[in-house]
Amino acid sequence: MTLVQAIILGIFQGVAEFLPISSSGHLVVLQQFFGIKEGNLFFTEMLHFGTLISIVIVYFNDIIKIIVEFFNMLRISIKNKKFKINNGYQKLGLLIIMGSIPTAIIGLLFEDFFEKLYSSSLLPIGIAFLVTGTLLWVANNNPYENKNVKNMSFLDSIIIGIFQGIAIIPGISRSGSTIVAGLFRGLDRSLATEFSFLLALPATFGAGLLGIIQVVKTGNEVAFTTPLLMGVILSAIVGVLSIKILIKVLKKDKLYYFSYYLWIVGLITIISSFF
């Protein structure tokens, strides 16, 4: 992989990971366009690790409060021998854990299947783009409630986690599917967006860790090259900008803009799969 290719893939990762247009789908299409045949899945996972840094930067204060309050809750519960949630940050921590469970189960059970999709025909990816676009369109035009963290249930987090697990399929947007699931469950747009990004932290970290372990086992030292590092850095920088853009788009109720883009890209990908 050349430095120019890594730069392009890193920028696309930072844009597509948080804007609801599927980073994995775009990376597969670009990798096939560039003729990159080796290390696709690992390179994708490492770029996801770069965007994990983006989430930490944007939501740093909330992440610290969630961690501190979660351990405070455990400490008090052990001391008093009674489990009790005392504030929204403690509940948010539990919701993230509950939502991460179905994502992990889906990822582990269907790991081989998902990996094959990264080297298969572009046809299923094109179809997945169309599905993501349709979900965004329906969610944007669907009446929504205004659940806050206090009113959010553990069932809500599990369902959102299932959507995140399904989004491992290239072409299905992780951010798009989890935000859509949150809106369908009645979360207000701000909470749906924040929970989507916070829920990505355990999944992204786990995927990156597994990718590193895989490289160590295979002795593939070539994976840690300058182009890869450049791609990761760019994905982190561009990711921060993308998160802020998506927050503004959601506030203006313009989520359907991405539907038009995905429908066009999906059709082009499907047509190109026959040539």
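Scroll up a little and you will see the structure.
First, a word on what this report is: a plain description of the structure on this page. Numbering of residues starts from 1 in each chain and follows the order in which that chain's sequence is written. Selection of residues for local features in this predicted model requires a pLDDT of at least 70, selection of side-chain atom pairs for listing and counting requires 80 or more, and totals for whole chains, interfaces and linings are taken over all residues. Side-chain numbers here rest on the full set of heavy atoms in the structure, without hydrogens or water.

### Details of the pattern of salt bridges
Then, in step 1: Take a side-chain nitrogen of Lys or Arg and a carboxyl oxygen of Asp or Glu: if they are within 4 Å of each other, that pair is a salt bridge. Counted under the stated rule, the structure contains 4 salt bridges.
Then, in step 2: Of the charged contacts in the structure, one is a salt bridge between K147 and D156, with a shortest N-O distance of 3.0 Å. We note that K147, like D156, is buried.
Then, in step 3: Between R185 and D156 there is a salt bridge whose closest N-O contact spans 2.6 Å. Separated by 29 residues along the polypeptide, R185 in the loop between α9 (174–184) and α10 (189–218) and D156 in helix α8 (residues 154–166) bring together distant segments of the chain.
Then, in step 4: Connected through salt bridges with shared partners, the residues K147, D156 and R185 form a single ionic network. A simple rule labels every residue: compare its accessible area, found with a 1.4 Å probe on the protein chains alone, to the largest value its type can have, and call it buried under 20%, exposed over 50%, or partly exposed in between. Runs of E in the DSSP output that reach at least two residues are strands. Runs of H or I that reach at least four are helices, and both are numbered from the N terminus.

### Brief notes about helix α1 (residues 3–18)
Then, in step 1: A helix is expected to reach a length of 1.5 Å times the quantity of its residues less one. The terminal C-alpha atoms of α1, which comprises 16 residues, lie 23 Å apart, in line with the 22 Å expected from a rise of 1.5 Å per residue.
Then, in step 2: Among the residues of α1, those classed as buried are Q5, A6, L9, G10, Q13, G14, A16, E17 and F18.

### Details of the packing of aromatic side chains
Here the distance between the centres and the angle between the planes together describe a pair of aromatic rings.
Then, in step 1: Note on ring pairs: Phe, Tyr and Trp rings are taken, using the six-membered ring of Trp, and paired if centres are within 6.5 Å. Classes follow the plane angle, with under 30 degrees stacked, over 60 edge-to-face and the rest tilted. Applying the stated criterion across every chain, the model contains 9 aromatic pairs.
Then, in step 2: Ring geometry for F18 and F197: centres 5.4 Å apart, planes at 85 degrees, overall edge-to-face. One end of the pair, F18, is in helix α1; the other, F197, is in helix α10, with 179 residues separating them in the sequence. Judged on exposure class, the residue F18 and its partner F197 are both buried.
Then, in step 3: Linked through ring pairs, W137, Y256, Y257, Y260 and W263 together constitute an aromatic cluster.

### Here's the deal with the packing of α8 against α9
Then, in step 1: The N-to-C vectors of α8 and α9 enclose an angle of 155 degrees; their axes lie 8 Å apart at closest approach. Classified by the interaxial angle, the pair formed by α8 and α9 is roughly antiparallel. Along this stretch, α8 crosses α9, giving a crossing that reads as right-handed. Contacts between α8 and α9 involve I160, F163 and Q164 from the former and R174, S177, T178, A181 and G182 from the latter.
Then, in step 2: Only Asp, Glu, Lys and Arg are considered charged in this grouping, and only Ala, Val, Leu, Ile, Met, Phe, Trp, Tyr, Cys and Pro are considered nonpolar; every other residue, Gly among them, is considered polar. Along the lines of polarity and charge, the residues of the contact of α8 with α9 split into 3 nonpolar, 4 polar and 1 charged. Axis definition: a line fitted to C-alpha atoms, over the contacting stretch in the case of helices. Angles run 0 to 180 degrees between N-to-C directions. By definition in this entry, angles of less than 35 degrees are roughly parallel, angles greater than 145 are roughly antiparallel, angles of 65 to 115 are roughly perpendicular, and the rest are oblique. Each helix crossing is assigned a hand: it is left-handed if the near helix lies turned anticlockwise from the far helix by less than a right angle, otherwise right-handed if that turn is clockwise. What makes two residues a contact is simply this: any of their non-hydrogen atoms within 4.5 Å.

### Let's talk about the nonpolar core
Then, in step 1: Nonpolar cores were defined as sets of buried Ala, Val, Leu, Ile, Met, Phe, Trp, Tyr and Cys residues, with membership established by side-chain atoms within 4.5 Å. Of all hydrophobic cores here, the largest spans 42 residues; its most connected members are I55, L92, F195, L198, L246 and F258.
Then, in step 2: When residues of this core are assigned to their parent elements, the largest contribution, 8 residues, is made by α10.
Then, in step 3: If we ignore the near neighbours within four places in the chain, the residues touching I55 are F18, F60, I63, F197, A200, L201 and I243.
Then, in step 4: Listed in part, the 9 residues of the second largest apolar core include L9, L30, F43 and M46.

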